[in-house]
Amino acid sequence: MDESAVDRVAAIERLAARRFDLLVVGGGIVGAGIAEAATANGLDVALVDRGDFASGTSSASSKLIHGGLRYLQMGDVRLVREAHQERRYLMNIVAPHLVERLPFLFPLYEDGPHRPIVVRTGVLLYSALARARLNGRIGRDRALRLVPQLRTTRLHSSALYADAKTNDGRLTIENIVAAAARGATVLNYASVTGVRPDGADVRVDGADVRVRAAAIVNATGPWLDHLRRLEDANARPSIRLSKGVHVVVDGGEDWGAAVTIPQSKVRVSFAIPWEGMLLLGTTDTLHEGAPDEATVTEEDVRAILAEADSAIEGIGPVRAAFHGLRVLPGGPGATANARRETVYMRGPTGMLSVAGGKLTTYRRIALDALAQLGVRNLDRTPRPLPGALGLAKVAWPIELDAPTRSHLLHLYGSLAADVVRPALEDPSLLERIVAGRPDLRAQAAWARAREWAVHDEDVLRRRTTAWLHGDSPRLALGSKHVSEVDAADPAARS
Ligand SMILES: Cc1cc2nc3c(=O)[nH]c(=O)nc-3n(C[C@H](O)[C@H](O)[C@H](O)COP(=O)(O)OP(=O)(O)OC[C@H]3O[C@@H](n4cnc5c(N)ncnc54)[C@H](O)[C@@H]3O)c2cc1C
């Protein structure tokens, strides 16, 4: 990608000067995926986000690229089959560096909510839809080898199946990089404040910019109705929000599987070994206030730890916590039962609003959105993201230990060599951002130079994994936007 693609001043000038085919509002996975697909299909695209890219739901998910075992239970076979197909595309073609296969253990306790036969049948069907060979029932010893902290009191047996995990923030940013590499004009910290038939007003760095575009997509996730009301002050609420919290604890490094913990007949929680830590969650509570009012409460954290404790022993100290908001189609019913369908709506001036669905199916959501906008002869073939090709033959310019190499390969794919190359000139770039985490200062420099990082938090939370220990050093990015991340209080970090 041309370095001018990350130049804020140049991007603002382009936003003001050009008439775009498509303006995408929101740089979560849906907006990022739409920009990636639209540029691949020849459109001139602008994408803006009022905060950082991926700073909404798309860095706060459970990080699973999955069919969704529980959707099967809700009878959504089509959703599960489609999601499994997307999982295969992401793992094999789009982002093999970022999307990693992960076995899941489903422990069945004698007093648990499910009959073992029901779970085993479900896992068999799920695995058939996944075209996965890994499925079946395993005994206590093998389960303990996979998950050494598994609680075995009253354990009847365990079912085993396969899904995948990712780094959601990086998956989002890499879609934006791909769009920018094909000429999209992308800008974070640029908020849409008005929607017009021929474009939108964008507030950026203290100035108002009128952006002209033939079409607008509202991909603002939980803020969907806010943007709809900018187009039509009388727009009725179309979505409901459900808050999902996760906590990050020490552990998981010696785990060979994640654990799906049955909580009720319809709900499960997860314990997922992720980025060298253990991710526990999530909650599912209706959120009735404005999206910005949602926070992590002590009650959320307590509930997650209690649920995890039903299957995991010796849970480590909480290092961090975060929340995300699910977008559910408006309508009655408990949120845990609500279908995770995607909502598409056209407003009076033609703006297309797209929300809901899953991280896993973002490509499909993006393609459907472009089809709704009337883009003809859509190329639906999955394309490798930057860094996805050449993983087996990365020529490292500098000597690094194996864990660091594999961390960098995971986050950047074959671009990892470019990330560390400046360290040949400046060896201080090989220092860790945070003691105990594998992220290097070279990654912070790369984030600033190539990935639009403005605040410290943009680097720590969404482009690297440095924040997961709960430490937040000042990076002195040399930007007027530099902010602090509160490390002491996990709730404040959400
Ligand atoms: C707790 C939880 C766990 C989940 N786990 C999984 C999982 O494991 N696997 C899976 O497949 N899916 C999962 N999902 C679903 C998935 O995370 C979401 O479907 C997806 O991230 C939604 O992306 P989005 O782009 O629609 O929204 P967001 O990521 O929220 O992006 C919306 C963006 O719009 C921007 N914005 C808002 N207003 C404006 C404005 N006026 N101008 C400019 N920009 C604006 C925001 O800053 C934000 O960045 C989970 C969801 C939750 C909540």
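The rules behind the values
Residues numbered from 1 in each chain as written. Predicted model: local features only at pLDDT ≥ 70, side-chain atom pairs only at ≥ 80, totals over all residues. Heavy atoms only, no water. Near = heavy atom within 4 Å. Polar contact = N/O pair within 3.5 Å; in protein donor to acceptor, adjacent residues only side chain to side chain. Areas by Shrake-Rupley, 256 points an atom, 1.4 Å probe, with all protein chains shown as cover. Helix = DSSP H or I, 4+ residues; strand = E, 2+ residues; numbered from the N terminus. Core = buried A, V, L, I, M, F, W, Y, C linked by side-chain atoms within 4.5 Å. Buried < 20%, exposed > 50% of the residue type's maximum accessible area, 1.4 Å probe, protein only. Contact = heavy atoms within 4.5 Å. Phe/Tyr/Trp six-rings, centres within 6.5 Å; stacked < 30°, edge-to-face > 60°. Lys NZ or Arg CZ within 6 Å of the ring centre and 35° of its normal. pLDDT = per-residue confidence, 0-100. Salt bridge = Lys/Arg side-chain N within 4 Å of Asp/Glu carboxyl O.

**Remarks on the site of the ligand**
Okay, step 1: Neighbouring the ligand are 38 residues, the closest being Asp49, Thr57, Ser58, Leu64 and Thr360.
Okay, step 2: A distance of 2.6 Å is found between an oxygen atom of the ligand and a side-chain nitrogen or oxygen belonging to Asp49.
Okay, step 3: Separating an oxygen atom of the ligand from a side-chain N or O atom of Thr57 is a distance of 2.7 Å.
Okay, step 4: A total of 1000 Å² of accessible area belongs to the ligand in isolation, and the protein chains cover 94% of it.
Okay, step 5: Only α2 (29-40), β8 (190-196), β11 (239-249) and β16 (318-329) provide two or more residues apiece to the shell around the ligand.

**A short note on the nonpolar core**
Okay, step 1: Ranked by size, the top nonpolar core spans 47 residues in total, and within it Leu22, Ile34, Val99, Leu171, Val186, Leu370 and Trp452 carry the most contacts.
Okay, step 2: Broken down by secondary-structure element, the contributors of at least two residues to this core are β1 (19-25), α2, β2 (45-48), α4 (77-94), α7 (168-181), β10 (207-218), β18 (352-356) and α10 (362-372).
Okay, step 3: Discounting chain neighbours no more than four positions away, the residues touching Trp452 are Met1, Ala5, Val6, Phe53, Ile176, Val177, Ala180, Val186, Asn188, Ala447 and Arg463.
Okay, step 4: Among the nonpolar cores identified, the runner-up in size contains 37 residues, and Ala60, Phe270, Leu279 and Leu460 belong to it.

**Some details on the packing of aromatic side chains**
Okay, step 1: Counted under the stated rule, the structure contains four aromatic pairs.
Okay, step 2: On the numbers, 5.7 Å between centres and 85° between planes, the contact of Phe53 with Trp452 is edge-to-face. Here Trp452 lies in the loop between α13 (441-450) and α14 (456-463) and Phe53 lies in the loop between β2 and β3 (64-65), a separation of 399 residues in the sequence.
Okay, step 3: With a centroid separation of 5.4 Å and 20° between ring planes, the pair formed by Phe104 and Tyr161 is classed as stacked. Linking Phe104 in strand β4 (residues 100-109) with Tyr161 in strand β6 (residues 155-165), this pair joins segments that are 57 residues apart in sequence. Residue Phe104 shares its accessibility class with Tyr161, and that shared class is buried.
Okay, step 4: By way of ring pairs, the aromatic residues Phe104, Tyr161 and Phe270 are connected into one cluster.
Okay, step 5: Above the ring of Trp467, the side-chain terminus of Arg461 is found at 4.4 Å from the ring centroid.

**A short note on the side chain of Asp300**
Okay, step 1: Within the secondary structure layout, Asp300 lies in helix α9 (residues 298-309).
Okay, step 2: Of the polar contacts made by the side chain of Asp300, one reaches the backbone nitrogen of Thr297; its length is 2.9 Å.

**As for the confidence of the model for the chain**
Okay, step 1: Here the chain averages 91 in pLDDT, while 93% of its residues score no lower than 70.
Okay, step 2: Segment residues 477-494 is flagged for pLDDT under 50; beyond a separation of four residues in sequence, or across chains, it makes 47 contacts in the model.

**Points about the pattern of salt bridges**
Okay, step 1: Tallied over the entire structure, the rule returns 34 salt bridges.
Okay, step 2: The partner of Asp250 in a salt bridge is Arg319, with the nearest N and O atoms 2.9 Å apart. Placement of Asp250 in the loop between β11 and β12 (258-262) and of Arg319 in strand β16 is noted, with a sequence separation of 69 residues between them.
Okay, step 3: Exposure remark for Arg319: the relative accessible area of 28% places this residue in the partly exposed category.
Okay, step 4: With its nearest N and O atoms 2.5 Å apart, the salt bridge here joins Asp418 to Arg421.
Okay, step 5: Residue class for Asp418 comes out partly exposed when judged on its relative accessible area of 32%.

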